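The primary structure of each chain is shown beneath.
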Amino acid sequence: MDDSRDEKGRLIISFIDRYDFLTCCGCGHYSLRQSTWLDVTSRKKPKGDPAFVKHYPPAVSRRRPDWLDAAEYYEAIPDDLRDILDEIYSALHSHLTRLAASGIRTAIDMIMVEKISDVGDFGKKLSEFERMEYISKKQHEVLSIVINAGSASAHRGFNPSSEVLSMLMDVLEGIVASVYIHPIQAEMVKKKTPLRAKK
């Protein structure tokens, strides 16, 4: 337990931390849980639910798609894009929501620059990305919203909820898959599909 006192030595706030070592009964994974209770009136042990709970390491908040680490697709994704994707998942797992949202915006920018080069601001890049048929008109509209959310996190302090972040990640993973993964998958299916018999 720790506390803060005013200049006269009076207690103004106290908190108690409790640490629990946990083991998952299913997979056997170990983790440490820190529970913090706040008590602004006395040094007595607080009652009720803790004010804050943290897990070390943090619980995984979003599962990485299988294709991201699959050997057959590994070289399809540029190294710098793979690095920023790894950072985004780390930010999500650590509940660093603003960093994750900013990273999503950065990743989309990197994809467009890699495919169409740097043709200007986000609006121009999206228009060129659509013109080059990497995305549809509807995807253009959706990506514009995602980029704006990432910009708001980077420049205007926007702190997206977990639901919003999940939607942003759905879009990002969809774009990465459609640009880099689906063409390879389509070629694999093409090779395995028997040709139509000639009449």
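See the structure above.
In this numbering scheme, every chain counts its residues from 1 along its sequence in written order. Where local features are concerned, this predicted model is filtered to residues with pLDDT of at least 70; where side-chain atom pairs are given and counted, the filter is 80 or more; whole-chain, interface and lining totals use all residues. Side-chain measures were taken over the full set of non-hydrogen atoms in the model, leaving aside hydrogen atoms and water.

A description of a negative patch on the surface should follow, citing residues and the corresponding values.
Candidates for patches are residues over 30% relative accessible area with no salt bridge; among them, like charges are joined within 9 Å and nonpolar side chains (Val, Leu, Ile, Met, Phe, Trp, Tyr) within 5 Å. Working definition of accessibility: Shrake-Rupley area with a 1.4 Å probe, residue cover restricted to the visible protein chains. By definition here, a salt bridge exists when the distance from a side-chain nitrogen of Lys or Arg to a carboxyl oxygen of Asp or Glu is within 4 Å. Positive charge is attributed to Lys and Arg, negative charge to Asp and Glu, and no charge count is given to His or to the chain ends. For charged residues, the charge sits on one atom: NZ in Lys, CZ in Arg, CG in Asp, CD in Glu. A cluster of like negative charges, contributed by Glu75, Asp79, Asp80, Asp83 and Glu87, occupies part of the molecular surface. Locating Asp83 in the fold gives a position in helix H2 (residues 79–93). Throughout, exposure labels follow a simple rule: accessible area from a 1.4 Å probe, protein chains only, divided by the maximum for the residue type, with under 20% read as buried, over 50% as exposed, and the rest as partly exposed. Asp83 sits in the partly exposed class, given a relative accessible area of 46%. Per the convention used, a helix needs a DSSP run of H or I reaching at least four residues, while a strand needs a run of E reaching at least two, with both numbered from the N terminus.

So what's going on with the nonpolar core? Residues and values would help.
Grouping buried Ala, Val, Leu, Ile, Met, Phe, Trp, Tyr and Cys residues that are joined through side-chain atoms within 4.5 Å yields what is termed a nonpolar core. Of all hydrophobic cores here, the largest spans 38 residues; its most connected members are Ile88, Ile104, Ile111 and Leu172. Elements with a contribution of two residues or more to this core: helix H1 (66–69), H2, helix H3 (97–116), helix H4 (122–131), helix H5 (137–155) and helix H6 (162–192). It is H6 that provides the largest number of residues to this core, a total of 11 residues. Between two residues, a contact is recorded if the distance between any of their heavy atoms is within 4.5 Å. Residue contacts for Ile88: discarding those within four places in its chain leaves Ala100, Gly103, Ile104, Ala107, Met169 and Leu172.

I'd love a proper account of unusual backbone geometry, names of residues and values included.
Backbone geometry places Ser117, a non-glycine residue, at a positive phi of 75°. With respect to the element layout, Ser117 can be found in the loop between H3 and H4. With a relative accessible area of 39%, Ser117 lands in the partly exposed category. At Glu133, a residue that is not glycine, the phi angle is positive and equals roughly 65°. Mapped onto the fold, Glu133 is located in the loop between H4 and H5. The exposure class assigned to Glu133 is exposed, which follows from its relative accessible area of 71%.

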